[in-house]
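# Reading the structure
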Amino acid sequence: MPETSAAPSPSVKSLLIMSVPALLIGAASAIVLWLLDTAAGWLQGVLWTTMPGWFGATEATPWWIFTVLTLTGAMVGLIVWLVPGHGGPDSATTELAESPPPLSTLPSILLAVVIGLAGGVSLGPENPIIAVNGAIAVAAMARFSRAVPPTAVMMLATSATIGALFGTPVAAALLFTGAVAAVKGGGALWDKLYLPVAAAGAGAVTMHLLGGSSIAFHMTPIGQADGLMLLQGLLVAAVSAAAGIFAAWALPLAHRLFHGLRNPLLIGLAGGVVLGLLGVLGGPMTLFKGLEQTGELINNPDDYTAGQLALWAGVKVLALVVAAAAGFRGGRIFPAVFVGVAIGLLAHALLPGIPVSLAVACGALGIVLVATRDGWMAMFVGAALVGDPIVLPMLCIIVLPVWLIVTKAPELVVKKPAAAPTATT
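Values in this document were obtained by computation on a predicted structure and should not be read as measured data.

### What about the pattern of salt bridges?
- If you walk through the whole model with that rule in mind, you get 1 salt bridge.
- Notably, a salt bridge pairs Lys415 with Glu411, separated by 3.4 Å at the nearest N-O pair.
- Here Lys415 falls in the exposed class, since its relative accessible area comes to 55%.
- Look at Glu411 and you get partly exposed, because its relative accessible area is 31%.

### Some details on the packing of helix 8 (residues 227-259) against helix 13 (residues 356-372)
- Closest axis-to-axis distance for the helix 8/helix 13 pair is 7 Å, and the angle between their directions is 35°. The chirality of how helix 8 crosses helix 13 is right-handed. Residue-level contacts link Met229, Gly233, Val236, Ala237, Ser240, Ala241, Gly244, Ile245 and Ala248 of helix 8 to Leu358, Ala359, Cys362, Gly363, Leu365, Gly366, Ile367 and Val370 of helix 13.
- For the contact of helix 8 with helix 13, a count of residues per class yields 12 nonpolar, 5 polar and no charged.

### Considerations on helix 8
- Taking 1.5 Å of rise per residue, the 33 residues of helix 8 would be expected to cover 48 Å, and the 48 Å separating its terminal C-alpha atoms lies within 8% of that figure.
- Helix geometry: helix 8 is bent most strongly at Ala250, by close to 30°, with proline Pro252 lying one to four residues after it.

### Observations concerning the packing of aromatic side chains
- Tallied over the entire structure, the rule returns 7 aromatic pairs.
- Linked through ring pairs, Phe55, Trp63 and Trp64 together constitute an aromatic cluster.
- Lying across the ring of Phe334, Lys289 places its NZ or CZ 5.5 Å from the centre.

### So, the packing of helix 4 (residues 126-144) against helix 5 (residues 150-166)
- One can describe the packing of helix 4 onto helix 5 by two numbers: an axis separation of 8 Å at closest approach and a directional angle of 135°. Relative to helix 5, the element helix 4 is oriented oblique. With respect to the hand of their crossing, helix 4 and helix 5 are arranged in right-handed fashion. Taken together, the residues of helix 5 that come into contact with helix 4 (itself represented by Glu126, Ile129, Ile130, Asn133, Gly134, Ala137, Val138 and Met141) are Pro150, Val153, Met154, Ala157, Thr158, Thr161, Ile162 and Leu165.
- Across the contact of helix 4 with helix 5, the residue classes tally to 11 nonpolar, 4 polar and 1 charged.

### What about unusual backbone geometry?
- The phi dihedral of His86 falls on the positive side, at around 55°, and the residue is not glycine.
- Its place among the elements puts His86 in the loop between helix 2 (62-82) and helix 3 (106-119).
- Looking at His86, the relative accessible area reads 40%, which means it is partly exposed.
- With a phi angle near 70°, Arg262 is a residue other than glycine that sits in the positive phi range.
- Positionally, Arg262 belongs in the loop between helix 8 and helix 9 (264-282).

### Here we look at the nonpolar core
- Ranked by internal contacts, the top residues of the largest apolar core, which has 127 residues, are Phe166, Leu297, Val381 and Leu385.
- Of all the elements, helix 13 adds the most residues to this core, at 13 residues.
- Those residues in contact with Leu297, other than ones at most four positions away along the chain, are Met285, Tyr304, Leu309, Trp312, Phe338, Val341, Ala342 and Leu345.
- Ala137, Met141, Leu156 and Ala199 belong to the second-largest nonpolar core, a separate cluster that totals 13 residues.

### Some words on the confidence of the model for the chain
- Summarising the model, the chain shows a mean pLDDT of 88, and 93% of its residues fall at 70 or more.
- This stretch, residues 1-5, has a pLDDT under 50; its non-local contacts, to residues over four places away or in other chains, come to 0 contacts.
- This model gives residues 419-425 a pLDDT under 50, and the stretch forms 0 contacts once residues within four places in sequence are excluded.

### Considering the side chain of Thr94
- Within the element layout of this structure, Thr94 appears in the loop between helix 2 and helix 3.
- At 3.2 Å, the side chain of Thr94 and the backbone oxygen of Ser91 are in polar contact.
- Here Thr94 is in contact with Pro89, Asn127, Arg332 and Val413, once residues within four sequence places are set aside.

### Describing the environment of Ala202
- Looking at the secondary structure, you find Ala202 in helix 7 (residues 189-209).
- Judged by its relative accessible area of 12%, Ala202 falls in the buried class.
- Taking C-alpha positions, Ala202 is 5.5 Å from Leu23, a pair spaced 179 residues apart along the chain.
- When sequence neighbours within four positions are dropped, the list of residues in contact with Ala202 reads Leu23, Gly26 and Ala27.

### Some points on helix 15 (residues 391-406)
- Its 16 residues give helix 15 an end-to-end C-alpha distance of 21 Å, which sits within 8% of 22 Å, the value for a rise of 1.5 Å per residue.
- A bend of about 30° at Leu400 is the largest found in helix 15, and the proline Pro401 appears one to four places after it.
- Looking at the buried side of helix 15, the elements it contacts are helix 8, helix 13 and helix 14 (375-386).

### A short note on the state of the cysteines
- Applying the stated rule across the entire model yields 0 disulfides.
- Sulfur of Cys396: no disulfide; nearest cysteine sulfur belongs to Cys362 and is 11 Å away.
- Classification of Cys396 as partly exposed rests on a relative accessible area of 36%.

The rules behind the values
- Residues numbered from 1 in each chain as written.
- Predicted model: local features only at pLDDT ≥ 70, side-chain atom pairs only at ≥ 80, totals over all residues.
- Heavy atoms only, no water.
- Salt bridge = Lys/Arg side-chain N within 4 Å of Asp/Glu carboxyl O.
- Buried < 20%, exposed > 50% of the residue type's maximum accessible area, 1.4 Å probe, protein only.
- Axes fitted to C-alpha atoms, helices over the stretch in contact; angles between N-to-C directions.
- Helix = DSSP H or I, 4+ residues; strand = E, 2+ residues; numbered from the N terminus.
- Left-handed = near helix turned anticlockwise from the far one by under 90°.
- Contact = heavy atoms within 4.5 Å.
- Nonpolar A, V, L, I, M, F, W, Y, C, P; charged D, E, K, R; others polar.
- Expected span 1.5 Å × (residues − 1).
- Bend = angle between axes of the 7 residues up to and from the residue.
- Phe/Tyr/Trp six-rings, centres within 6.5 Å; stacked < 30°, edge-to-face > 60°.
- Lys NZ or Arg CZ within 6 Å of the ring centre and 35° of its normal.
- Parallel < 35°, antiparallel > 145°, perpendicular 65-115°, else oblique.
- Core = buried A, V, L, I, M, F, W, Y, C linked by side-chain atoms within 4.5 Å.
- pLDDT = per-residue confidence, 0-100.
- Polar contact = N/O pair within 3.5 Å; in protein donor to acceptor, adjacent residues only side chain to side chain.
- Disulfide = S-S within 2.5 Å.

Spelled out as structure tokens, the structure:
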């Protein structure tokens with residue numbers, strides 16, 4: 001058979017032309033995320049700062065934590081049950097990037113996410129906001145131009161949103177490296193990554209200009225690395241991965257248990273009650289998506305006892321499972337990062353000699369590897385959290401044996417039931 005010539009690589013002109021919608025999608029995605037964060041932050045201030053004083057309570061008062069989370073569960077359940085769009089797809093069954101939902105579902109998705117984030121539910125905004133931005137971008141592109149297929153538009157919106165969420169396009173570039181490398185067509189890898197990185201860069205820069213938060217922190221650097229540190233880091237990452245594997249095993253079981261109640265209001269109410277009890281047990285540190293709380297842990301690593309860190313990590317794992325299983329809308333990466341950081345600081349308190357930055361980075365790496373099934377993302381999060389360049393090459397080695405633990409373990413997602421075969425006559 002004659003050899004087939006490879007498809008031509010994209011021209012400089014085509015990349016420049018397509019950069020325009022990529023940059024617009026990036027900026028628009030960041031603005032939507034910022035508006036979501038702003039609305040949720042305002043409502044959070046009302047629920048946890050203003051209103052407790054009316055009743056002689058604070059955000060740490062146990063009965064207030066229980067009440068707010070219970071009512072949050074009831075409100076989300078009502079949205080899923082009665083509001084047109086029903087809150088969009090069940091977040092427990094979705095990955096980061098899926099097919100965009102219908103535009104008619106977006107108001108209910110946004111409403112459910114804002115209430116959940118403000119009410120203290122242990123989920124981040126990543127899955128729903130990617131779905132929302134993807135749906136908006138696909139609809140807008142279809143209206144003005146059909147030159148870009150919807151799958152490519154969805155990839156740009158996903159990349160843009162990830163750039164905005166993490167404050168850097170690096171996360172999106174790493175996440176999409178494998179996906180774009182598998183796309184048929186000519187050109188080098190960076191020809192294929194060019195537009196996703198442009199969208200992610202625009203999203204990250206726009207989010208910074210709007211004053212959005214970032215996952216990047218700084219910790220005391222390692223200094224001089226040695227072989228013992230590698231073994232200690234591997235132990236921390238393995239323990240963190242085990243916590244993630246437990247959550248992945250428990251999530252489908254909890255999902256079946258809650259959804260056995262059938263009515264979305266009852267499901268949300270039951271989830272809110274359990275989250276309220278966990279919130280009372282763990283206190284304010286274990287509430288919300290976890291980014292601000294992660295910053296508190298990293299900025300004050302010596303202020304917490306080993307018992308506190310173990311309690312917070314355990315409660316947050318359970319809260320993540322319950323929130324995902326009980327119909328709340330949100331992603332699993334940000335609360336998983338909190339768990340990993342708490343495990344890392346716990347290891348620093350228990351293992352003499354392990355540098356705090358390495359412990360935190362390896363703690364984050366293990367559970368994020370389970371949550372995302374992506375080694376690049378896990379290493380990026382671990383390195384970004386501590387801001388220590390010496391940690392990165394160590395993570396590149398540690399991730400390899402940890403991947404062997406994770407690769408055949410359950411995924412942190414509820415698998416959708418396979419469609420029944422159509423009967424034929």
